[in-house]
Structures are given as C-alpha cells and as structure tokens.
Amino acid sequence: MPQSHSRSSSKPVNCHGVLGLCRVGFEAELAAELGDLASQGGESLAGPGTVGPGFAFLSFAEPQALRDLAGWFPFRDHVFARQRLFWIERIVDLPQRDRITPILSALERHGLRVSALALEFPDSDAARPLSGFCRRFEEPLTQAMQAAGRLRPDQTGLPVLHLLFTDASTVWVTLVESGDGASWPMGIPRLRIPKEAPSRSALKLVEALEVLLTDREREASLRASQRAVDLGAAPGGWSWHLARRGLRVVAIDNGPLAPAAHATAMIQHLRADGFTWRPTRPVDWMVCDMVAQPSRVAQLVAEWVATGRCRHCIFNLKLPMKRRREELERCRAMIFKLTRSVAPIDLRFKHLYHDREEVTGYLTLKR
C-alpha cells in the first residue's frame, strides 16, 4: 500500500472502511470506483461496495491505519466522489434527547483527538432536511468536544472529524487527514456569479478551475493577458468568465452569444464549427463544452494538445446513461494514445457538483 506523506495524529488511528458522497444516481459508479482503488492497493475487502442515496461505502477486511489511506485512495484520483472519508464506526439508534453522549463515547473508545469538526449529510431528497439539524447541533457538540478535550484546533497533526448523518438517528464517525479531501463541506462548492453572467454554466468552469487545479497551478498557468479559445461557446458563460479573469477569448459557435458576452472587448465571436476551426497560432487555453459524443470530444482535445495548439484544456464529456465508467475509461485511453508522441500528459477528471450527466476533464502537458 502506498504511504501517505501527510501528518497524522499522535496516536495511530485504524479505520474500517472508506465512504464517498456523490450525486444521486451515480452511487453505482462511485462504489465501483472505490472497489477499483482498493484492488489497486492490493488489499482484500470484506464485501462489495454498498450504496445509499447519494453515497457509497466499502468495508475493509482488516482495519487500516489512517496515515496510509490517503496514499491508497488519493482524493485526486476519485472521479465520482465529491467527498471521500474514512470511517471508524457507525452509530445507530441515536437517542433524540442526547446524541452527544454516544458520539463522545465513540471518540473515547478510539482514543481520538481531532483538530476540526464537520457535520455532513448526503445530497439527497431524503437527507436534505438534516441541514437544519446539523446547523443547530454543531455548536453544542463543539462545546462538548472541547470540554472533553477531544477537539484541539491548537494542536497540529491531528485529523479532521467528519460526522456524516444519513438520517437523524444514524451517524458515521469518519476521519481525514488535514487538507486531504474536498475543500467544501460535502464537496459542494459555495459559488456565486453576478446576475449579468450569460448563463449559469459559468459556474461549471469556475468550479472546474478550483477543483481540478491547485492554487499554485492556477497562479502559474492562468494569468491575465493570456489567449484562450472557447469551443461551442454559446451563450458565452465560459468565455465571459475567462474574460473576467483578464484573458482574451475567441468564442467559436455558430449560435449567438448573450449580450453580456458581447459587452466586453475581451471576447471575439466567430461563427464557425468548433470541431473544424483551428487557431492561426497557439493559445494558452482551450475550453470546450460542446454537446457531442464523448469520444469525439476526447479526440478533439487530444489533438489540440498533441499538436501544440493549446497548452491547457478544460472540457466536458457528456456520458451515456448506461456504462458511464466504461465510456469514461475509453475516452481516457484514447487521449493517452493520441498524445503518446508528445511529452507526458497530466489528465484529470471530476464529476463536479455543477455537472449532470457529464464529467469535466483537465488536460495539459507535464512540465
């Protein structure tokens, strides 16, 4: 099993399984993904992945040390998991009048001290009413944990406690190492765009840039005055966001752009076919949100990067209703095959919160 280089708690913590949160309807894909990552780690599992509305989990045949698990299940390798957690216990039949005592007892049994606390729930119709409960419950639980010496934000190297409520009487006690997981609670970004944005699809690109690139990568590769191409741009949400970041954008689409996209001199609209149009000289970024067969888009973005027409690319693959993972892996293999004549590539995929029946990819050459 790969070793994690992140700091762990002062006392080794053993976990009994891995749990992920996802969009409702993608539980089977998430469970299969967890199983694939587990098999690559060379460890046997107690059984197949189990799913519930908006989540899936696996049980380990034997407890595994938390400090090792980030290397076994690297969050960056998860496509369908919005959030990835390692569970140590599931508490059922929580009494309505005293949910705090059983939770503190679980922390004491495992000798746990943590640096932070997050209360979460699956993003499903059944679990969504738990939002209000979690907001009300967080403060008294925080105070009780601090009084018991279980919450120590002043101590470095401790894991973060995530309490995942699947209903009002069931909680999963889960952990992650600090910084190892989604940046937002439940993996759901809290993003807003101005009302004048051409479309809400701009949020998808905002999220993609936040999730698929690190802070350092965004600083190094996404700068004002760069040149970008937006294939299938109409109504212009992606072009508009890039222009707001100071990039000069050529928006390619036979359809019209919204007035907000025309209001900036940073966007040039060309009526052309995104699959056949090519720039006269290389650009820094190409983005693509065209509705087409995923293999066709995969071939297009691979060709742009392999021929040096762009340095970085963000694109969407519209997946079929059935065999989603199989189609994604087929496109992944196609991109690697078509770019093998150039320098090694960096290819990342994520099923974003603002995605639906699609995944978003980031493709660039490794430096």
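Residues numbered from 1 in each chain as written. Predicted model: local features only at pLDDT ≥ 70, side-chain atom pairs only at ≥ 80, totals over all residues. Heavy atoms only, no water.

Student: Could you clarify how one ought to interpret the pattern of salt bridges in this entry?
Tutor: Here the idea is simple: oppositely charged side chains can pair when their charged atoms come close. Tallying each qualifying case throughout the model produces 23 salt bridges. For the salt bridge of D215 with R218, the shortest nitrogen-to-oxygen distance reads 2.2 Å. Pair noted here: D215 and R218 are both in helix α6 (residues 215-221), with a separation of three residues, about one helical turn. Judged by its relative accessible area of 10%, R218 is buried. Measuring nitrogen to oxygen at the nearest pair gives 2.8 Å for the salt bridge that ties K318 to D289. Separated by 29 residues along the polypeptide, K318 in strand β12 (residues 310-318) and D289 in the loop between β11 (283-288) and α9 (294-306) bring together distant segments of the chain. Overall, D289 belongs to the buried group, its relative accessible area being 16%. A cluster of three or more residues bridged by salt bridges with shared partners is formed by R76, E217, D346 and R348. (Salt bridge = Lys/Arg side-chain N within 4 Å of Asp/Glu carboxyl O. Helix = DSSP H or I, 4+ residues; strand = E, 2+ residues; numbered from the N terminus. Buried < 20%, exposed > 50% of the residue type's maximum accessible area, 1.4 Å probe, protein only.)

Student: Teacher, can you tell me more about the pairing of strand β3 (residues 55-65) here?
Tutor: Residues in a regular strand project their side chains so that they alternate between the two faces of the sheet. In this sheet, β3 lies alongside strand β1 (residues 14-21) in antiparallel orientation, the contact comprising seven bridges. Bridge pairing in β3 places N14 opposite A65. Here strand β2 (residues 50-52) pairs with β3 via three bridges, running antiparallel. Following the sheet pairing, G52 is matched in β3 by F55. Counted between consecutive antiparallel strands, the loop separating β2 from β3 contains two residues, among which G54 sits at a positive phi close to 85 degrees. (Pairing = 2+ DSSP bridges.)

Student: Before we go on, may I ask you to explain the packing of helix α5 (residues 202-212) against helix α7 (residues 237-244) in this structure?
Tutor: What describes two packed helices is the angle between their axes and the distance between those same axes. Put simply, α5 and α7 touch, their axes get as near as 7 Å, and they point 50 degrees apart. Compared by their axis directions, α5 and α7 come out oblique. Between α5 and α7 the crossing geometry is right-handed. Here A202, K204, L205, V206 and L209 of α5 come into contact with α7, specifically with G237, W238, W240, H241 and L242. (Axes fitted to C-alpha atoms, helices over the stretch in contact; angles between N-to-C directions. Parallel < 35°, antiparallel > 145°, perpendicular 65-115°, else oblique. Left-handed = near helix turned anticlockwise from the far one by under 90°. Contact = heavy atoms within 4.5 Å.)

Student: So what exactly am I meant to see when it comes to the sheet that holds strand β14 (residues 358-365) here?
Tutor: Think of a sheet as strands paired side by side through backbone hydrogen bonds, with each pair either parallel or antiparallel. Pairing is mixed in the open sheet, where seven strands are placed in the order β10-β9-β8-β11-β12-β14-β13. In this open sheet, the two strands that pair with only one neighbour each are β10 (267-270) and β13 (345-350). Each adjacent strand pair in this sheet contributes to an overall mean axis angle of 15 degrees, direction not counted. Sheet analysis places β13 next to β14, joined by six bridges and oriented antiparallel. Paired with D346 across the two strands is T364, which belongs to β14.

Student: Which parts of the structure should I look at to understand the layout of surface pockets?
Tutor: The gaps of empty space that remain are located by a probe, the size of a water molecule, rolled over the atoms. Size it by volume and the largest pocket reaches roughly 590 Å³. Around the largest pocket sit 27 residues that line it, and F75, R76, G181, S183 and V211 are the ones nearest its centre. Those elements that place two or more of their residues in the lining of the largest pocket are α5, α6 and β13. When residues in the lining of the largest pocket are grouped by element, the largest group, four residues, is from α5. (1 Å grid on protein atoms, 1.4 Å probe; cavity = no way out; pocket = protein on both sides within 12 Å on 5 of 7 lines; lining within 4 Å. Points joined across faces, edges and corners; volume = space filled by probe spheres on them.)

Student: Would you explain unusual backbone geometry in this entry?
Tutor: The amide bond that connects A234 to the next residue, P235, takes the cis arrangement and shows omega of 0 degrees. Within the secondary structure layout, P235 lies in the loop between β8 (227-231) and α7. The backbone of D93 sits at a positive phi, close to 60 degrees, despite the residue not being glycine. Along the chain, D93 turns up in the loop between β4 (83-91) and α3 (100-109).

Student: I keep staring at the side chain of S115 and nothing clicks. Help me out?
Tutor: By secondary structure assignment, the location of S115 is in the loop between α3 and β5 (116-120). Classification of S115 as buried rests on a relative accessible area of 18%. In terms of polar contacts, S115 uses its side chain to reach the backbone carbonyl oxygen of L158, at 3.3 Å. Look past the residues within four positions of S115 in its chain and what remains in contact with it is L151, R152, P153, Q155, L158, P159 and V160. (Polar contact = N/O pair within 3.5 Å; in protein donor to acceptor, adjacent residues only side chain to side chain.)

Student: Explanation requested: the packing of aromatic side chains in the structure shown.
Tutor: For any pair of aromatic rings, the description rests on two quantities: the centre-to-centre distance and the angle between the ring planes. Tallying each qualifying case throughout the model produces 14 aromatic pairs. Ring geometry for F133 against F165: centres 5.1 Å apart, planes inclined by 85 degrees, an arrangement best described as edge-to-face. With F133 in helix α4 (residues 130-147) and F165 in strand β6 (residues 160-167), this pair connects stretches of sequence that are 32 residues apart. Judged by its relative accessible area of 0%, F165 is buried. Of note, R296 hangs over the ring of F275, and the distance from its end group to the ring centre comes to 3.7 Å. In this structure, R324 is placed above the aromatic ring of F26, and the distance from its NZ or CZ to the ring centre is 3.8 Å. (Phe/Tyr/Trp six-rings, centres within 6.5 Å; stacked < 30°, edge-to-face > 60°. Lys NZ or Arg CZ within 6 Å of the ring centre and 35° of its normal.)

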